[in-house]
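Listed below, chain by chain, are the residues.
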Amino acid sequence: MPPYASHYALLALAVGIGFFLNLGGAPLFDLDEGAFSEATREMFLRGDFVSPFVNGVPRFDKPVLIHWLQAASMTVFGPTPFAFRLPSALAATGWVLLVYGFVARVIDRETALHAALMVATALGVMVIGRAATADALLNLWLVAAMFGMYLYFLERRTAWILLTHVAMGLGFLTKGPVALLVPGAVGLIFFALQRDLPALLRAAFHPLGLILLVGIPLPWYLLQYQAQGMDFIHGFFGTHNAERFSGPMEGHAGSLFYYLPIALLLALPWSTALLKSLRELPQRIKTPLGLYLWVWFGFVLVFFSFSGTKLPHYLNYGMTAALILAALALPALKSRTLALLPVVVLFGLLAALPMLLPNIAASQKNADVRALLDGAENLFVPGHTAIFAVLALISVVLIVLRRVSLTTSLLGLAAAGNVALALWFFPALGAIEQGPIAHAAELARDLPGPYVMWGSNTPSYSVHSGHVQEKREPQSGDLVFTRTSKLDQMPPHEVIMNERGYALVRIKP
């Protein structure tokens, strides 16, 4: 048997469960999954693999690399949720393997295994590793750049300089300036604290490194500018980068302390280990590695806390560092109750969710949300409550069953929890949030147009129906997808479907 074969087997099991199990088991979620996937689908319709469009309108939110990877997957598997999510699952797998390789190189194999398994099973990583968005791919490049920069600090090898520049170039082609911001700022702070800024400057301005950094993304940016002109510059660099930081977009605001509870949520089931690492901070920052990891996580936490637009997944740009620190703190965890209590609470809440939903629905002031949640408690996969209740009970038993090590207990619960999320919770969430949209799309697939989306912004409907939607006022003969609350504002029409707040109608001649 090859050395460390058991490590590779455990990692394969963790990524298989976390990122691939039942990957296509839920419809695409709006807004992000639907928009990314529809932009990729329309590339084939337009014969244009440079400029992303959603429902015929240019989409300047993100660069193109994720769309190219989704297009390759779609060529093999068709326009399915599995195909659109597969690049993210593969990127997240690479992310986990990079963590294992890096930690094995700078610490030891046992810590590397724990850190990689913690990344593979953490709730925040699992969610974006299964999402048809650019975030898992961006995190792959960010992690590669951050690891390359630290290895350059240790070894002063040109290979690490080039790796860092290539990773940042690919990141810039995936999501733009953030791929330069995080490594650049963290590197500047860390090397300054080490009184080694000249070494950083030599690496940053390495001629071949700069050629790679600029040469990888520049051709697409030039082609996109040629195709879309200043609208692209204003839309991408202005609206979707500068304005996201200066003010909240699409209602995604939050307080200065927004990301503190988010960090604990994203780290589940390793939240207590993350808190333990905070107590170890004074000792940990006395070592170069500990300082580097804390600067990395700390910069991301502080920078995005001051950003006007706040989304939970932004903190993932620094969660790799946080989870490595948590892995280092794991052996020092003593209280089984504190370590396992977050898992008990999570499984307990998920078990109770079907029973809580009627009250949650009744409390909603928005009529569309109330309609969407009406009867949603009946959409859970059979056995949902029982499965999560059993997991909560096992978690309680493991608090007192000391013969099973705490690390083994957490890893086992993480794996079992991810199986339950993939097979029971995510399909239920998809049925609740996206079910009526997917049903309308299925009905519309074989119906004649013109196709109009009015009063709704759900691009997954376009993906699942196979039709590009016009965004305009309904007219005679249109097949219109809309919200139920908009029906009384429409011209005379025939209702084809009216389900939990969404409707598909044909405008009468």
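The structure we're discussing is the one just above.
Notes on the structure follow. (Residues numbered from 1 in each chain as written. Predicted model: local features only at pLDDT ≥ 70, side-chain atom pairs only at ≥ 80, totals over all residues. Heavy atoms only, no water.)

## Quick notes on the overall build of the chain
Thought 1: Counting its secondary structure elements, the chain contains 23 helices and six strands.
Thought 2: Based on the C-alpha atoms only, the size of the chain along its principal axes is roughly 75 × 60 × 50 Å.
Thought 3: A total of 509 residues make up the chain; the buried ones form 55% of that total.
Thought 4: When the accessible surface of the chain is split by element, carbon and sulfur atoms take 68% of a total near 20,900 Å². (Helix = DSSP H or I, 4+ residues; strand = E, 2+ residues; numbered from the N terminus. Buried < 20%, exposed > 50% of the residue type's maximum accessible area, 1.4 Å probe, protein only. Areas by Shrake-Rupley, 256 points an atom, 1.4 Å probe, with all protein chains shown as cover.)

## Focus on the nonpolar core
Thought 1: Core analysis: the largest hydrophobic core is formed by 126 residues, its most contacted members being Trp95, Val99, Val182, Trp296, Phe297, Leu315 and Phe388.
Thought 2: When residues of this core are assigned to their parent elements, the largest contribution, 14 residues, is made by helix α7 (residues 135-155).
Thought 3: For Trp296, the contacting residues outside a window of four places in its chain are Val143, Met146, Phe147, Val182, Val186, Tyr317, Gly318, Thr320 and Ala321.
Thought 4: One finds Ala441, Leu479, Phe481 and Met497 within the second-largest nonpolar core, a separate group that totals 13 residues. (Core = buried A, V, L, I, M, F, W, Y, C linked by side-chain atoms within 4.5 Å. Contact = heavy atoms within 4.5 Å.)

## Quick notes on the pairing of strand β6 (residues 502-507)
Thought 1: Among the six residues in β6, six count as buried, and that is most of the element.
Thought 2: A two-sided burial pattern is seen for β6, the buried positions comprising Tyr502, Leu504 and Arg506 on one face and Ala503, Val505 and Ile507 on the other.
Thought 3: Bridge count between strand β4 (residues 479-483) and β6: five bridges; the pairing is antiparallel. Among the inter-strand pairings, Arg483 is bridged to a residue of β6, identified as Tyr502.
Thought 4: Taken together, the six bridges between strand β5 (residues 493-499) and β6 define a ladder with antiparallel strand orientation. From the neighbouring strand, Met497 faces β6, where its bridge partner is Leu504.
Thought 5: Adjacent in sequence and paired antiparallel, β5 and β6 are bridged by two residues, among which Arg500 carries a positive phi angle near 45 degrees. (Pairing = 2+ DSSP bridges.)

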